[in-house]
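# Coordinate analysis (summary)
If you want the building blocks of each chain, they are given just below.
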Amino acid sequence: MSTFNPRANADAFDRNNALYPSAYSASSCAIMDRTSKLDAQTIREQVDQRIAELESEIRALKTHRNSVADTSRLPPEILSKIFITVRGVVANDYSLGKSSWVRVACVCRHWRAVAMDCPPLWADLMFNNPTFTEVMLQRSKNAPLTVKFDSNPFPFNDILCHIASQTSRLHDVELYSESDSLKFPEILSSFDSAAPILKKLVLQGGDFPGSYGVIPTSFLQDGAPSLRHLDITQFTLHWNALPLSTTLTHLRLKHVGPENRPSRTSFLGTLAELGQLETLKLSAYLPHFNDTSRPDSLPITLPSLRNLELQDPAAELRQFLSAIQMPKEARVDIEISDGAPASESLGSLFFALRASWTLSDNMEVDAAGDSAQPNVLDLRVVERIPFYTPRIMCWFNYHSSNFDGESPPADLVVSAPAASSGVNLLLEEIARSLDISSLRSLQIASHYAVPSRGTLALFKDLTKLDRIAIWRNHEALSNFLRNLKKKKDRALSFPSLRSLELHDIDFDEDLVGESNSAVRALAAALKSRKNYHPAIEQFRMTECTNFREEHWEFLRKALPEELEMHWDEIEKIVEPSSDPGWSDDADQLIY
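Residues numbered from 1 in each chain as written. Predicted model: local features only at pLDDT ≥ 70, side-chain atom pairs only at ≥ 80, totals over all residues. Heavy atoms only, no water.

## Focus: empty space enclosed by the protein
The cut-off we apply is this: Think of a 1 Å grid over just the protein atoms. A cavity is a set of points where a 1.4 Å probe fits yet cannot get out, a pocket is an open set with protein on both sides within 12 Å along at least five of seven lines, and lining residues have an atom within 4 Å of a point. Grid points are joined across faces, edges and corners, and a volume is the space filled by probe spheres set on the points. Labels follow the DSSP assignment, with helices taken as runs of H or I lasting at least four residues and strands as runs of E lasting at least two, numbered in each case from the N terminus. Gly falls in the polar group here, along with every residue not listed as nonpolar (Ala, Val, Leu, Ile, Met, Phe, Trp, Tyr, Cys, Pro) or charged (Asp, Glu, Lys, Arg).
Under the counting rule described, the total for this entry stands at three cavities of 30 Å³ or more. Taken as a whole, the largest cavity encloses approximately 50 Å³ of empty space. Every residue along the wall of the largest cavity is listed here: Val 147, Leu 160, Ile 163, Ala 164, Leu 170, Val 173, Leu 175, Ile 187 and Phe 191. Those elements that provide at least two residues to the lining of the largest cavity are helix 8 (157-165) and strand 3 (170-176). When grouped by side-chain class, the residues that make up the lining of the largest cavity number nine nonpolar, no polar and no charged. Considering the residues around the second largest cavity, the lining is formed by Arg 264, Leu 268, Pro 287, Glu 316, Gln 319 and Phe 320. Residue assignment for the lining of the second largest cavity shows that the elements contributing at least two residues are helix 10 (264-271) and helix 11 (314-321). Broken down by element, the residue count for the lining of the second largest cavity peaks at three residues, all from helix 11.

Structure follows, in structure tokens:
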């Protein structure tokens, strides 16, 4: 009779009743067979070793399975391009997480190996934290680097110095700092003297008036021969120290220390060599108007210029424009920074501007053949936010976009800090210097800069002006209506007007209960034209304040039935003054 051995019987039971026992490998079965003959520690060690062997085998099998997938059969160079495309898509979609593209290295061994061996994938550096940025820099090996750094609470100065020291690899560099946390002098001093493949350089210091960063004199002193885009804001710099190259297409200098204005000879001489320059934006950096030096040949030609933005006093602007020639396609944005330039100063400025444009199809030569006059087809008076600087925008090619859009961009924008007096002077000079006889549309949309009745009269005899919009200012509307209203023995004003739009007009701006009077004045001006041909065909009102349904009904009854009228039915009512002397009965509508 056999002896009962509980342990042996238990082992035999485990083996005989295990799930799919035939699937166990001989090595695993051998370990389990020896269990009763070994101590617990030895058993655990052997089992752990066997588990590690099996896990390794499983990983190998999974890798083999992945290797036959279609995505694993792609050549590494194709897969690398796909990874780089994924990174670009993710970087432009914040909902995906800017760094989520890194997960491509966690899908399988093959993908990870390809990702790790693709330096360009890591060369567009991210600044989530300094450690990860350092890892990306290492993995990028010798690939050209793209650096875009915004203000960040982490201490990145050391890693940025390390990156800057690899100047020969820098392709795009953008450094932005809204505080003094970024040590610009230390970082910029880390640059080598030359950046052979640098194509874009943007430096933006802290945006504090009177506070300027410092660019070391040794910064890129041997140049950047491939540079195409240079943008510097809030730094003290000298024109002759800039790394300008003949390949440059974009140059923007803003708040760079007006005391460092370049000499006229140096400035114009360098510009003359920038034949590929497409965009030029300068703020308080033109040569002084009293600098009489000049290069050997004037005017200089900027044949590729398409976008010119200048901010300076009228005298500096006039002197610069008189020294250049630009193509007909160039869009010009001028901000006259002196408070209230005289009419004579504006006249010479516009003369220089007009002469700087190369003759084109939409310009005409005067009888003497002296200058080209752009045809203004669309003119708008708006405000530059957030400073509410009045801006006059002119289009030389007619476009039928809504008044709330600026596409395509205006061909000419002129602005000045002075409010109503400034906008009147500018409009008068535009009417004198440019050809407005073909004007098709006019918009007045300014809270603070209101064209006077006399200034608006400059437009009342134009025979092609058929669209007018008045926005945000009832005083402007009142001045317009005084010109619009037909008077006995006088020619019809705005003879071609077909469409009138009122938007965001407060019919009781002074809150004295005069909204009914304002509506009556509007009705009287429109009604005075009903027997004249051609008549106004469209009238629109949107988002107006202190305008009620009863006002709309009054207008509908007072105006011709054939007039196409639209009101958005929005009633925004602001209660008038609580002065007990005012009464609703004092100002009633009479049909």
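So much for the structure itself; the text now carries on.
## Quick look at the packing of aromatic side chains
Filter applied, for reference: Stacked, tilted and edge-to-face pairs are distinguished by plane angle, under 30 degrees for stacked and over 60 for edge-to-face with tilted covering the rest, among Phe, Tyr and Trp rings (Trp via its six-membered ring) whose centres lie within 6.5 Å. Buried means the residue's accessible area, taken with a 1.4 Å probe over protein chains only, is under 20% of the maximum for its type, while exposed means over 50%, and partly exposed covers the values in between.
Applying the stated rule across the entire model yields 16 aromatic pairs. Ring centres 5.2 Å apart and planes at 55° place the aromatic pair Trp 101 and Trp 122 in the tilted group. Taken as a pair, Trp 101 in the loop between helix 4 (76-91) and helix 5 (109-116) and Trp 122 in helix 6 (residues 119-122) lie far apart in primary sequence, 21 residues in all. By relative accessible area, Trp 101 is classed as buried at 3%.

## Some words on a positive patch on the surface
The test is simple: Residues with no salt bridge and a relative accessible area higher than 30% make up the patches, which join like charges within 9 Å and nonpolar side chains (Val, Leu, Ile, Met, Phe, Trp, Tyr) within 5 Å. Method for areas: the Shrake-Rupley scheme with a 1.4 Å probe, in which residue coverage is limited to the protein chains shown. One speaks of a salt bridge when a side-chain nitrogen belonging to Lys or Arg is within 4 Å of a carboxyl oxygen belonging to Asp or Glu. In this tally, Asp and Glu contribute negative charge and Lys and Arg positive charge; neither His nor the terminal groups of the chain are included. Every charge is mapped to an atom, namely NZ of Lys, CZ of Arg, CG of Asp or CD of Glu.
A cluster of basic side chains, namely Arg 453, Arg 482, Lys 485, Lys 487 and Arg 490, defines a positive patch on the protein surface. Tracing the backbone shows Lys 485 in the loop between helix 15 (474-484) and strand 21 (499-503). Residue Lys 485 is classed as partly exposed on the basis of its relative accessible area of 41%.

## Quick word on a negative patch on the surface
Together, Glu 549, Glu 550, Glu 553, Glu 569 and Glu 571 make up a region of like negative charge exposed at the surface. If you trace the backbone, Glu 571 turns up in the segment after strand 23 (564-567).

## Considering the environment of His 551
The criterion, for reference: As used in this structure description, the phrase polar contact means that two N or O atoms lie within 3.5 Å; if the pair is within protein, one of them must be able to donate a hydrogen and the other to accept it, and residues adjacent in sequence are counted only when both atoms belong to side chains.
Mapped onto the elements, His 551 comes out in helix 17 (residues 549-558). His 551 sits 36 residues away from Ser 515 along the chain, and the two C-alpha atoms are 8.8 Å apart. Reaching out from His 551, the side chain makes a polar contact with the side chain of Asn 516 at a distance of 2.5 Å. Of note is the side chain of His 551, whose polar atom sits 2.9 Å from the backbone nitrogen of Arg 548.

## Comments concerning the nonpolar core
The nonpolar side chains of a soluble globular protein tend to be buried with one another. Basically, it comes down to this: Among buried residues, those of type Ala, Val, Leu, Ile, Met, Phe, Trp, Tyr and Cys that are joined through side-chain atoms within 4.5 Å constitute a nonpolar core.
Ranked by internal contacts, the top residues of the largest apolar core, which has 145 residues, are Phe 320, Leu 321, Leu 379, Phe 480, Phe 507, Phe 539 and Leu 555. The element contributing the most residues to this core is helix 16 (residues 515-527), with six residues. By size, the runner-up hydrophobic cluster in this structure holds eight residues, among which are Val 382, Met 393, Ala 410 and Ala 469.

## Considerations on the pattern of salt bridges
In a structure, side chains of opposite charge can pair up when their charged atoms sit close to one another. The final tally for this structure, using the stated rule, is 13 salt bridges. The partner of Glu 309 in a salt bridge is Lys 281, with the nearest N and O atoms 3.7 Å apart. Pair noted here: Glu 309 is in strand 11 (residues 307-312) and Lys 281 is in strand 9 (residues 279-283), with a separation of 28 residues, a long-range link. Judged by its relative accessible area of 29%, Glu 309 falls in the partly exposed class.

## Here's the deal with the environment of Leu 377
Position of Leu 377 relative to the elements: it lies in the loop between strand 15 (372-374) and strand 16 (378-384). With a relative accessible area of 16%, Leu 377 lands in the buried category. Separated by 18 residues in sequence, Leu 377 and Trp 395 place their C-alpha atoms 5.8 Å apart.

## A short note on helix 8
In an α-helix, one full turn covers 3.6 residues, which means residues spaced three or four apart are oriented alike. Stated precisely, the cut-off is as follows: The contact criterion used is simple: two residues touch if any of their non-hydrogen atoms lie within 4.5 Å.
Listed as buried for helix 8 are Asn 157, Ile 159, Leu 160, Cys 161, Ile 163 and Ala 164. At its buried positions, helix 8 is contacted by strand 1 (124-125), helix 7 (130-139), strand 2 (145-149), strand 3 and helix 9 (184-189).

## Examining the environment of Val 114
The topology assignment puts Val 114 in helix 5. Along the chain, Val 114 and Ser 80 lie 34 residues apart, while their C-alpha atoms are 6.6 Å from each other. Beyond its immediate stretch of four places on either side in the chain, Val 114 contacts Pro 76, Leu 79, Ser 80 and Phe 83.

## Observations concerning the pairing of strand 11
Both faces of the sheet carry side chains from a regular strand, because those side chains alternate between them. Short version of the rule: Criterion used throughout: strands pair if DSSP finds at least two bridges between them.
Only one face of strand 11 is buried: it carries Leu 308, Leu 310 and Asp 312, and the other face, with Asn 307, Glu 309 and Gln 311, is open. Where strand 9 and strand 11 come together, five bridges link them in parallel fashion. Note on strand 11: the bridge partner recorded for Ser 283 is Gln 311. The pairing of strand 11 with strand 13 (residues 331-336) spans six bridges and is parallel. From the neighbouring strand, Gln 311 faces strand 13, where its bridge partner is Glu 335.

## Remarks on the side chain of Arg 261
Here Arg 261 is to be found in the loop between strand 8 (250-254) and helix 10. A distance of 2.7 Å separates the side chain of Arg 261 from the side chain of Asp 312, its partner in a polar contact. Not counting residues within four places of it along the chain, the set of residues in contact with Arg 261 comprises Ala 284, Tyr 285, Leu 286, His 288, Asp 312, Pro 313 and Glu 316.

Function cannot be read off these values alone, since they describe shape.
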